[in-house]
Amino acid sequence: MKVFPKDFTWGVATSAHQIEGAHTADGKGPSTWDAYCQIPGKINNGDTSAIACDHYNRYAEDIKLISDLGVTAYRFSICWSRILPDGKGVINQAGIDFYNRLIDGLIAKGVTPYVTLYHWDLPLALQMENDGWLSETTVQAFARYAEICFQAFGDRVKHWMTFNENWCTAVLGHGTGVFAPGRVSQTEPYLVGHNLLLAHAYAVKKFRTGSYQGVIGIANNCDFREPLSNSPEDIAAAQESLEFFYGWLTDPVVFGHYPAIMRERLGTRLPEFTAEESELLKGSADFLGLNHYTTHYASRQAPAQNAVAPGDGNGGMSEDQHLYLSSDPAWPVTSMGWFVVPWGFRKMLNWIHQRYNGLPIYVTENGTAITANGVDEAIDDQERAYFVSEYTQALKQAVTEDGVNVQGYFAWTLMDNFEWCQGYNMRFGLIYCDFDSLKRTPKTSYYAYQSIINESRNSTQ
Ligand code: BGC
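Residues numbered from 1 in each chain as written. Predicted model: local features only at pLDDT ≥ 70, side-chain atom pairs only at ≥ 80, totals over all residues. Heavy atoms only, no water.

Draft legend 1. Layout of the overall build of the chain. A tally of helices and strands in the chain yields 16 helices and 14 strands. For the chain, the C-alpha radius of gyration of 21 Å lies close to 23 Å, the compact-globule estimate for 461 residues. A total of 461 residues make up the chain; the buried ones form 61% of that total. A separation threshold of at least 6 residues defines the contact pool for the chain, and within that pool the share at least 24 residues apart is 77%. Of the roughly 16700 Å² of accessible surface on the chain, a fraction of 50% belongs to carbon and sulfur atoms. (Helix = DSSP H or I, 4+ residues; strand = E, 2+ residues; numbered from the N terminus. Rg over C-alpha atoms; globule rule 2.2 N^0.38 Å. Buried < 20%, exposed > 50% of the residue type's maximum accessible area, 1.4 Å probe, protein only. Contact = heavy atoms within 4.5 Å. Areas by Shrake-Rupley, 256 points an atom, 1.4 Å probe, with all protein chains shown as cover.)

Structure representation (structure tokens):
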């Protein structure tokens, strides 16, 4: 029987803004998402992230839940404005102290910290004073912030990710405008993507030229694109879509340049790297993170039925891709409207493995949302248990049958939390969080994932 390698990493993931709350505690500065929550109509139900899961105060209880789950790794993000309240000036020691407590608590329980430096909560001052990711000032501020984190935590943290899902910051934050900072533009996403890549490169340079040990990578998201038919046009459409989605923000950190198809289609809308920047970017990821949630069919011509018009259902910018997305009516659909297609995950992993020549991959997020009426319904989350089982099965096939170099898997997410513009309505957690009492209750899927991990461990040689 084929089994996962012995040292395969099983983990669970969260992000600071979605769970911490305590949004003004101990000198924390405001972030773009703190501000965005105050704009009427931006967040479902008028929810705000001010308290969220109150993890800032309840982290010890959460460490126990992580450890009891049986994972050996926990991926979380650092809130930049806790460390530097205005993004670039004075260091807030209380912020550093909080993450020290968290990191030490995890290590004491045998859980390895995997740290993301940026999961979308930009210090508000950088947005207001410097236009956020449209500006070079933010790029340099990020490199300094990253170095402060390496210095403060690098003695214990050996696994780093610079950024989470730059596609979302670029496209949802600056293209369709549904995420903070809420800008709508056809050109800004490519400028923002460019600056995020440069910020990654400068931070990695600090990491590699400092005396830190460990690995550093980037967590990019991608939905899989299966050609709707075997026609060369549809095969090309699917391939180009993957290059626009994952390749856009990953090719530069591996090869030092953007995919050729993007340069061709976008012309001057796509900024260029100088020779020096390109050199700095090339090989700047020790591993590639993949956040994966769904799959679509791609075709050059509009399909007869179940078509998703360009730009719809996938967050925009797809008009630049000259293709149509569609789905199979037989696919189960999550509460987010995302299709459950485990084989798409397997193919996605194979695509990354082939394109990036076997560079180590971590699945840095994978999960599903289920809305529920009340705690009993939410806790009995059979669909999520099924999702985790099917997706980890597809993962196993990719690793053991296809030989894809995946080193770890992080389920999204530990507990129900602030799901960005969906507020608290979309529950992604393995643990139920009651947002009034803040009580945590493990769901059926928590135990299902625990069994998968145990089984994998017991069957490894
Ligand atoms: C993000 C998470 C988010 C999840 C579900 C990913 O895009 O990294 O922060 O909660 O997907 O939407």
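Moving on, there is more to tell.
Draft legend 2. Structural detail: the nonpolar core. By size, the foremost hydrophobic cluster in this structure holds 130 residues, and its most contacted members are Phe142 and Leu395. With 10 residues, helix H9 (residues 188-209) is the single largest residue contributor to this core. Contacts of Phe142, omitting those with residues within four sequence positions, involve Trp80, Leu117, Tyr118, Trp133, Thr162, Phe163, Ala199 and Ala203. Grouped together as the second largest cluster of nonpolar side chains are 14 residues, Ala13, Tyr114, Tyr293 and Tyr362 included. (Core = buried A, V, L, I, M, F, W, Y, C linked by side-chain atoms within 4.5 Å.)

Draft legend 3. A look at the environment of Ala180. By the secondary structure assignment, Ala180 is in the loop between helix H8 (166-174) and H9. As for Ala180 and Asp436, which are separated by 256 residues in sequence, their C-alpha atoms are 25 Å apart. Apart from residues lying up to four places away in sequence, Ala180 is in contact with Thr32, Trp33, Tyr36 and Gly173.

Draft legend 4. Layout of the packing of aromatic side chains. Under the definition given, this model contains 55 aromatic pairs. Between Tyr74 and Phe76, the ring centres sit 5.5 Å apart and the planes meet at 25°, which makes this aromatic pair stacked. A residue is classified by how much of its surface remains accessible, and Tyr74, at 0% relative accessible area, is buried. Residue Phe76 is classed as buried on the basis of its relative accessible area of 3%. Between Trp351 and Tyr356, the ring centres sit 6.4 Å apart and the planes meet at 80°, which makes this aromatic pair edge-to-face. Like Tyr356, Trp351 is buried. Grouped by ring-pair contacts, the aromatic residues Trp33, Tyr36, Trp120, Phe179, Phe418, Trp420, Tyr424 and Phe435 constitute a single cluster. (Phe/Tyr/Trp six-rings, centres within 6.5 Å; stacked < 30°, edge-to-face > 60°.)

Draft legend 5. Quick look at the packing of helix H3 (residues 55-69) against helix H16 (residues 444-459). Put simply, H3 and H16 touch, their axes get as near as 9 Å, and they point 50° apart. Considering the angle they form, H3 stands oblique to H16. Counted together, Leu65, Asp68 and Leu69 of H3 and Tyr446, Tyr449, Gln450 and Ile453 of H16 form the full contact between these two elements. Looking at the contact of H3 with H16 residue by residue, the class counts come to five nonpolar, one polar and one charged. (Axes fitted to C-alpha atoms, helices over the stretch in contact; angles between N-to-C directions. Parallel < 35°, antiparallel > 145°, perpendicular 65-115°, else oblique. Nonpolar A, V, L, I, M, F, W, Y, C, P; charged D, E, K, R; others polar.)

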